[in-house]
Amino acid sequence: QVQLVESGGGLVQAGGSLRLSCAASGRTFSNYAMGWFRQAPGKEREFVARITASGLSTDYADSVKGRFTISRDNAKNTVYLQMNSLKPEDTAVYYCAADNRRLVVVVRSANQYDYWGQGTQVTVSS
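My aim in this report is to walk through the structure given alongside it, one point at a time. This one's a predicted model, so the numbers in the text were calculated from it and none came from an experiment.

So, about the nonpolar core. Counting 36 residues, the largest nonpolar core has Leu-4, Met-34, Trp-36, Leu-81, Met-83 and Tyr-94 as the members making the most contacts within it. Of all the secondary-structure elements, those providing two or more residues to this core are strand S1 (2–7), strand S3 (18–26), strand S4 (33–39), strand S5 (46–51), strand S7 (68–73), strand S8 (78–83), strand S9 (92–99) and strand S11 (120–125). The element best represented in this core is S9, accounting for 5 residues. Residue contacts for Leu-4: discarding those within four places in its chain leaves Cys-22, Ala-23, Ala-24, Met-34, Cys-96, Ala-97, Ala-98, Tyr-115, Trp-116, Gly-117 and Gln-118.

For the rest of this paragraph, the subject is unusual backbone geometry. Its identity as a non-glycine residue notwithstanding, Asn-77 has a phi of 55 degrees, on the positive side. When you line up the elements, Asn-77 lands in the loop between S7 and S8. Look at Ser-85: it is not a glycine, yet its phi comes out positive at around 50 degrees. Mapped onto the elements, Ser-85 comes out in the loop between S8 and S9. The exposure class of Ser-85 is partly exposed, given its relative accessible area of 41%.

The rules we used
- Residues numbered from 1 in each chain as written.
- Predicted model: local features only at pLDDT ≥ 70, side-chain atom pairs only at ≥ 80, totals over all residues.
- Heavy atoms only, no water.
- Core = buried A, V, L, I, M, F, W, Y, C linked by side-chain atoms within 4.5 Å.
- Buried < 20%, exposed > 50% of the residue type's maximum accessible area, 1.4 Å probe, protein only.
- Helix = DSSP H or I, 4+ residues; strand = E, 2+ residues; numbered from the N terminus.
- Contact = heavy atoms within 4.5 Å.

Here it is, written out as structure tokens:
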């Protein structure tokens, strides 16, 4: 079992930045690839970014590529999502998720992740 707790969400103006954190506890964090997803009201949960267990490889949705950066600190059992140049369409609840396929780079389907956090709200005003 892996417990995940997101933090860092909030209200920001368009063009601004936020850094989300996801703290993990339970099983060995470095055994899991980690992903970020988001869900806007009335929409399905969508993939944002993924990082392999080692942190050496990442994958991004086209909508955030060049603006968002995923990273992890295995010593702190934490994964981050740095979000720059935010747009109103980035408004959503952001979730982190853990996947035990630690070496696989591209996994974009939410139902392939094993553990989920409770989410943190990000609101971008225009």
